[in-house]
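Working through the structure, step by step
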Amino acid sequence: MAIERTLSIIKPDGLKKHVVGQIISRFEAKGLTPVAIRLQQLSQMEAEGFYAVHSARGFFKDLVAFMISGPVVLMVLEGENAVLANRDLMGATDPKKADKGTIRADFADSIDANTVHGSDSLENAKNEIAYFFRETEIQKY
């Protein structure tokens, strides 16, 4: 199995619900180690840039507004098959369709306020990590 890195974001609703520690504990229990972590309030420009791939979609403005509505926790997670492991932990984008015991099933309120973001491919993970973190900010274990 391959050691990978992926980007994870705990969204504003996760912080408002005070579940950051529980979410990070789930990552660690699954063998994903946070190798970079930062609490940050995203600007509108940062959120629009990060989600630019969705700019033509009807939900783009609401997504950006949600992501700038409060601070987020940005993390680089490292571990075996990190992208897939994180996706499995998060569950389906729509918490009503997420498997029991996943982060979204347990903490998310809606498809819009779904508590976490995770990279969907290794290529996107590399781009997303570079969007928020310099290589010198990522720890080597």
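Report on the accompanying structure. Given the structure is predicted, the values throughout are model-derived calculations rather than measurements. (Residues numbered from 1 in each chain as written. Predicted model: local features only at pLDDT ≥ 70, side-chain atom pairs only at ≥ 80, totals over all residues. Heavy atoms only, no water.)

1. Details of the sheet that holds strand E2 (residues 33–40)
- The strand order across the open sheet built from four strands is E2-E3-E1-E4, with neighbouring strands paired in antiparallel fashion. Only two strands of the sheet have a single partner each, and these edge strands are E2 and strand E4 (116–118). With direction set aside, neighbouring strand axes in the sheet form an average angle of 20°.
- Sheet topology note: the strand E1 (residues 3–10)/strand E3 (residues 72–80) ladder contains eight bridges and is antiparallel. Within E3, the residue paired with Ile3 across the bridge is Glu80.
- Packed on one face of the sheet, helix H5 (residues 82–90) meets E1, E3 and E4 and runs near 35° to E1. (Pairing = 2+ DSSP bridges. Helix = DSSP H or I, 4+ residues; strand = E, 2+ residues; numbered from the N terminus. Axes fitted to C-alpha atoms, helices over the stretch in contact; angles between N-to-C directions. Contact = heavy atoms within 4.5 Å.)

2. Digging into the packing of aromatic side chains
- Applying the stated criterion across every chain, the model contains four aromatic pairs.
- A centroid spacing of 5.0 Å and a plane angle of 45° characterise the contact between Phe50 and Phe132, whose relative ring orientation is tilted. Pair noted here: Phe50 is in helix H3 (residues 44–50) and Phe132 is in helix H7 (residues 122–132), with a separation of 82 residues, a long-range link.
- The buried category is assigned to Phe132, whose relative accessible area is 8%.
- Ring plane angle 85° and centroid distance 4.9 Å describe the contact between Tyr131 and Phe132, whose orientation is recorded as edge-to-face.
- Ring pairing ties together the aromatic residues Phe50, Tyr51, Tyr131 and Phe132, which thus form one cluster.
- Above the ring of Phe133, the side-chain terminus of Arg38 is found at 4.5 Å from the ring centroid. (Phe/Tyr/Trp six-rings, centres within 6.5 Å; stacked < 30°, edge-to-face > 60°. Buried < 20%, exposed > 50% of the residue type's maximum accessible area, 1.4 Å probe, protein only. Lys NZ or Arg CZ within 6 Å of the ring centre and 35° of its normal.)

Note that all results are geometric; they support no functional claim without further evidence.
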